[in-house]
Each structure stands twice: as structure tokens, then as C-alpha cells.
Number of protein chains: 2
Amino acid sequence: MSQFHLECGRCASRSEPGPRANLCPRCDSPQLVRYQVPHSAGNVVREAWRDRPRGMWRFSEILPIRAHELPVSLGEGDTPLIELTRLGAELGLDLWVKDEGRNPTGSFKDRGIGAAVTRAALDGVESFVIPSAGNAAAALAAYAARAGIPASVFIPCDTPPGVVRRCREFGADVTEVDGLITDCGRLAAEHAASTGAFDLSTLREPYRVEGKKTMMLEIVETLDWKPPDAIVYPTGGGTGLIGSWKALEELRNLGLIEGGTRMYAVQSSGCAPIVRAWREGLDEAPTWGDAQTQAWGLRVPAARGDFLIIRALRATTGSAIAVSDDAMREGARLLGSREGINAAIEGGATLAAARLLRDTGQLSEGERVVLFNTGNMLTY
Amino acid sequence: MSQFHLECGRCASRSEPGPRANLCPRCDSPQLVRYQVPHSAGNVVREAWRDRPRGMWRFSEILPIRAHELPVSLGEGDTPLIELTRLGAELGLDLWVKDEGRNPTGSFKDRGIGAAVTRAALDGVESFVIPSAGNAAAALAAYAARAGIPASVFIPCDTPPGVVRRCREFGADVTEVDGLITDCGRLAAEHAASTGAFDLSTLREPYRVEGKKTMMLEIVETLDWKPPDAIVYPTGGGTGLIGSWKALEELRNLGLIEGGTRMYAVQSSGCAPIVRAWREGLDEAPTWGDAQTQAWGLRVPAARGDFLIIRALRATTGSAIAVSDDAMREGARLLGSREGINAAIEGGATLAAARLLRDTGQLSEGERVVLFNTGNMLTY
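Here the structure is a predicted model, which is why all the values come from computation and not from measurement. (Residues numbered from 1 in each chain as written. Chains lettered and ligands numbered in written order. Predicted model: local features only at pLDDT ≥ 70, side-chain atom pairs only at ≥ 80, totals over all residues. Heavy atoms only, no water.)

Visitor: Requested: an account of the side chain of N373 of chain B, with residues and values cited.
Guide: All names here are of chain B. One can find N373 in strand 13 (residues 368–373). Judged by relative accessible area, which is 0%, N373 ranks as buried. Once you skip the residues sitting within four places of it in the chain, N373 turns out to touch V97, K98, D99, E100, G101, I341, N342, A343, A344 and G347. (Helix = DSSP H or I, 4+ residues; strand = E, 2+ residues; numbered from the N terminus. Buried < 20%, exposed > 50% of the residue type's maximum accessible area, 1.4 Å probe, protein only. Contact = heavy atoms within 4.5 Å.)

Visitor: Can you tell me about the sheet that holds strand 11 (residues 262–268) of chain A, naming the residues and giving the values?
Guide: Residue and element names in this part refer to chain A. The strand order across the open sheet formed by six strands is 4-5-13-10-11-12, and the pairing between neighbours is mixed. Strand pairing shows two members of the sheet lacking a second neighbour, strand 4 (81–83) and strand 12 (319–323), which therefore form its edges. Strand-to-strand twist in this sheet, taken as the mean axis angle between neighbours without regard to direction, amounts to 25 degrees. As judged from the six bridges shared by strand 5 (residues 94–99) and strand 13 (residues 368–373), these two strands associate in the parallel manner. Bridge pairing links W96 to V370 in strand 13. Across the sheet, helix 12 (residues 345–359) lies against strand 5, strand 10 (230–234), strand 11, strand 12 and strand 13, angled at about 110 degrees from strand 12, the strand it touches most. (Pairing = 2+ DSSP bridges. Axes fitted to C-alpha atoms, helices over the stretch in contact; angles between N-to-C directions.)

Visitor: How would you explain the sheet that holds strand 12 (residues 319–323) of chain B if you had to name every residue and give the values?
Guide: Residue and element names in this part refer to chain B. With mixed pairing, the six strands of this open sheet are ordered in space as 4-5-13-10-11-12. The two strands at the open ends of the sheet, each matched to only one other strand, are strand 4 (81–83) and strand 12. In this sheet, neighbouring strand axes are inclined to one another by 25 degrees on average, regardless of whether the strands run parallel or antiparallel. Of the strands in this sheet, strand 10 (230–234), strand 11 (262–268) and strand 13 are in contact with helix 8 (residues 239–253), which crosses strand 11 at around 175 degrees.

Visitor: Tell me about the relation of the copies chain A and chain B, and please be specific about residues and values.
Guide: The relation between the two chain copies is a rotation about an axis coupled with a shift along that axis. The two copies are related by a screw motion: chain A maps onto chain B through a turn of 180 degrees and a shift of 0.0 Å along the axis, at an RMSD of 0.0 Å. Look at the turn and shift together and you get a two-fold axis relating the two. (Least-squares fit on C-alpha atoms with pLDDT ≥ 70 in both.)

Visitor: So, the environment of S127 of chain B: which residues are in play, and what are the values?
Guide: All names here are of chain B. Mapping S127 onto the fold places it in the loop between helix 3 (109–122) and strand 6 (128–131). Each C-alpha atom, one on S127 and one on L223, is 39 Å from the other, the two residues being 96 residues apart in sequence. When sequence neighbours within four positions are dropped, the list of residues in contact with S127 reads I149, P150, G196, A197 and F198.

Visitor: Would you mind going over the pattern of salt bridges in detail, with residue names and values included?
Guide: Residues and elements named next belong to chain B. A full pass over the atoms with the stated rule returns 62 salt bridges over all chains. The shortest N-O distance in the salt bridge between R66 and E69 comes to 3.8 Å. A relative accessible area of 28% means that R66 is categorised as partly exposed. Since its relative accessible area comes to 16%, E69 is described here as buried. Between R119 and D123 there is a salt bridge, and its shortest N-O distance comes to 3.0 Å. (Salt bridge = Lys/Arg side-chain N within 4 Å of Asp/Glu carboxyl O.)

Structural data, given as C-alpha cells:
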């Protein structure tokens, strides 16, 4: 149970976390949650995390939940960190995969949506809306059902048909949109304005990042509080990458770790705004014109958190890298057939990227590297 | 790490667990694993289970693995036990669901197959074969890949197409069969005879039950070592029901629990051999003639462990009950839309059955009841 306030990720102005917390009231940028946990509490907190029942809410001292509040939970988090012995030996790496397909609806989206729905439900929100390329919609549908709150989702009409069925099975109202995630975002914002529904778009509200950061908390705990040398993260909206960076900073502030982890953002060569911005040395990423990729989670032509993603890559001396859809599919196939990992192609993208990063010397012999398999192949 | 031998489930003759352990050499019936753990070790064992890393292999004292042996693992087990507050209140029950869709390939099959592949790999098996209605094939494909051992699967050609794709993604050799699971079983046996592949058919080898029983170990541990009043289990081959019964017996032998749990087997009204045998007071279940159900996991016209299933129902004063496919689908929809549970229709069958059991007075007001959601809806 924590005490927290909000701080703008861009202009750093501080605000109180009232109901329906949203973008920075001053500059319209994403806000980040800041906690008041003293450095001296580090060891006590670590032991509490170890002893509590499993699931992401055991990290409650640095999650947006106050004393006597109960989360809206489906048992998300505490997914396995699995060693990839064969593929690691081939690449000359100490290679692991964080298997996020094991969450309630099959993807890492459950963590962020679970945190956001929890905070919103506690704050009295009465209906939700989200634009999504797929998995976030299913996650919202499930968590809204768990909270007993109605949800509407706006999905591009060419996402896999299973997504729509899943959302409806969870009782959500689904609108299929002839367009991209950005078009869905516009329609969701209109729906929110006209109905009063709370908009859970990526980084519009500050709590999805908090749920996502628990991936990194678990990784570091499993690795005995030694941060890995590098992570490879499939980057659409980038919430998990920003969250991972934030998690490491918070663990350092608690004195629980030293050093850091290089962060590598992977995108599809058919939709790579962050990679292009990174190569051109920009601080923000202009919208990608013609997004073309079968990796729905990576088909994000403009990320609201672009400047935070780029800041995280720079601060950790990582980089951004693009791989083709074919390379992603081959990566997923190798994760499956060589190691038995149930990987969606976004997960496959991380293996393809690790190979490239190794070839170009950005990953060195024997380094400990964690891939993020952000969803299981069944979500496709 | 355990010491164990095999005991025939029918004639009780004892044999040593050599490589390729199979049916009873004397009477051709399923064998069960028996462990030598003294009653006095109960408390020590319970604390060891609590303190080990998560996953089903932490129960190693009563699993088929010896000192210094390592399991073939994808982080299976330790799935959440989730309280169903709304649906429980409606039914007048203290209602929970064991969410088995959270296993590596999306179903409870991962536990049994993980245990069987582990033992076989340790014993030097060089290739696998399995007949399956779907999820067991995907599980074998994944665990065989993890073990680095080739696998062949025989699947009815009308199972969901995703199953075949999944198996191939994990590198398995897939044969689609124009027939039922029993036809696949015959072809798998022929394949085993001609190639030397080890046949992992349900209850042909003794270790799948051991993996499945960990579901019940986890349930009882989560409920603070108080067995629930009843479980409702979707029953095809029945391995998990037999395993649950065995788990409770082993916990009683260790002095860790008192009392027991009534077991209710749910089948589809279109394929209900156990229900029919139960109603007729038989000790075994004659083959069901014309199996018709969209619940692939329940389309098992003849279960090798029929006599063990019926024995478990009788010993625990439970029963067997059939529900229609429509009722199952409605059950899954309610689990999804009222509680956010990602349930396949076999999971939905347990909610439909709980309602019937409550209506007929077999479940009483306020009883603690655990439903088994054996897979997630994405497996369909």
C-alpha cells in the first residue's frame, strides 16, 4: 500500500492523483506516478514482496493502491522467466525469456489494464473505452467484467477475428473500425467525450505503466536482484519499456540493485517510427506514414510516449532496431520448435533482434539478456 | 526428489518403474505411482513446498523425479485459484475456479505431459507419439521441443485448425485422422509399434496422472490445507480427476489434511459414458456409440481409466452429471462476462454443472466448491 503523486514526464510539474487522472494539465503529456518510499525501507519491502501471495500486486509499496484498497485482479503477473539453453548457446548469450503469454487473457496487456482498471474502479469510474490493436481490448474486456463495469472497445477491422469474439465473450461492446489504431484512438476519444466513459488509451492515463513495470520487478527478483545486462522489448506504444526503465530506477532508489540494464526496442521494418527517430538522433518520433506489419502489437505509427522511450534507450545506452515480419515469424518458430516457448510473433521479433544485436556487437559474448514474449501464439 | 514404485490400479501388483513404463504387465491396466514418504515427514515437506520456486515440480517428494534429476519444464503449474464472488453469491456457494488456461500451451494438459515427458526423457526415450483431441497434442509438441526429442501427433481432422498450426509451430509431425480420438489411439499405437516411439496415450503410461494431481495439491495449499467440500471436473479421459483423488489420499497419508472432497465428473450429454455407467451402477463404462459434442476435450467415448474414475466418485460420495453443449457455452460466457475468466467451454461445463448440482441439492448452501477451467478460450 503506497502514497503517491503524479509528475509530468515532460514538464515535470506535480499534481495530485484525483479521479480520472489523465494527461498533464499543463502540457498535455503523459504523467508518471511517483512514490514516497524511503530508501531505508528497501530491505523490509523486499522481504514483504517475497512473502506475499503471488501476482503483481505483491509489489504494492510501489503500485498505485492505498491502504485498505483491493485490486481488481485475475491473478495476473508472476509469469515464468525461462532459460533458453539451446538458443542461448547458439547466440553465445545467457539468454532468457519472460513468458507474458501466461497472463489471464494471454498477453502482457493484462498487467497494465489490470492496474488502470483497479485505480479507475476505486476512483468511481462507471464505464470504460479503449482503442486497441487487439490484446489491450481483450484485457480491458476481461478486467472490466471482473470489476462489473461496462466497457467499449474500438478495434481495427483487420485484427484477427478471435479478438472480437474474445471481447464479446467478456461482455464488451465492440466497434470494428476501417483504419489503424490511431483512427480507433480518435473514435474512442469521441466516445469518451460524448458518453463520459473513461479512456484507457496508452499513456493517456498514468497507471498502465505501473502495471507493466512489474514485469521488470519480477525479472530482477528472479535473477537474485542482479539486473540483466540487456532486455529486448517489442515496442509499439512502449509502455512496458518505459515501465521497465522506471522499475529499475525505483529499485535503485530503494537500494535494492546497483547498475542498470541496456534496453533495446524492436519494431517491425514496416512500422518503425522509434527506430527512424533513433537513427536520426531525434528526441521524438514523427508519425510513420504507411504502417505495414502483421505484428498487430507493433502496428503503432505514433506513440504518445515516444520521447520517454527514446529517453530510456539513451539513458541505458541501448538502441532501437527493426526486423522484418519474416524474421519475426522465424524467431517465433525457433522459440517454439527449439525451446517449446508459446510465442506470438512480437515475441519472435525479440529473438530476431537479439541475433542482429549480437552480429553487430551490441550484445557481447556471455551477456545475460532477457527477451520479452509479450503474448502467446494463441492470441493470433 | 522421491523414491517410488508402480502399482496396478486394478490388480494391485507391484512393479519397478523401469524405462518406458506402461500398462500393468499382468493385467494390462493403468498403473499408479506409489511413493515412500514417511507420515512423519509431512510438516517438513509442506515447508519445503512453500519455500521452493513456483511451479509444479516443487512438490517433488511426491512426483516421479529422483535426486539430481532435472525436469523438462516450461514453468507449468501454480495457476491462480480465483474466487467467483458474483457467481458464487448467485448460486449460494463459496465458489472458486482453478484457472488452468494459464499453463504454457493454454491448458491443464501441460502438467501431465510435462511429467510424462520428463520421466521418459530421463529414461532415455528417443521419440514420442500421442493421439489427442487437441490440447494434449499441443502440450506434447511443446514439451518434446523443450526436451529436444521428436514427437508425432495423431489428431481428429475436425479439431480446431489452430491445434494443428500450434503443433507444427512447436516442430511436431502432425497426422490428421478422419475419425475420433479412439481411432487416433489405434494409429498412434501402430506408429509406436513400427517406429519404437513412446506412446503417451492417456493412462497408458503412469506419469501423466502425477503431473495432473498437482492441481489439487495447489488448491489445498492455497486454501490453507483445508480440502474444498467439492470439485467439479470436466471429464474426458479423467486423468485429472483420478489425480485429484490420489493427491488427497497422499496428503492424508502425510498427515497434512483431514477429510476429503466430493468429486463431480461433468460430461457432455452428447458423449457421457461415465455418467451412463454411474447411473446404471456399473464399475466400468461401456464405449459411447455416437460421440457428439463441440467440447473436444470431452469427446472421449471410452476412457481407459473408467474404473478408477467411477471408484473416485464412489469413494468421495460425488457423482457424474451431463450438460448440453449449449449449457456449456452459456457457462463459459457467464464466467467471461460476469467474472472476467478466460474459459474454454469445458470450463463453462463446470459452471453449468454446479448450477444443476445446486438445484438437485447435491451442493449445499455455502459449501466451498472449486471449478476446473481446464483451458482458455483461445485454445478453440
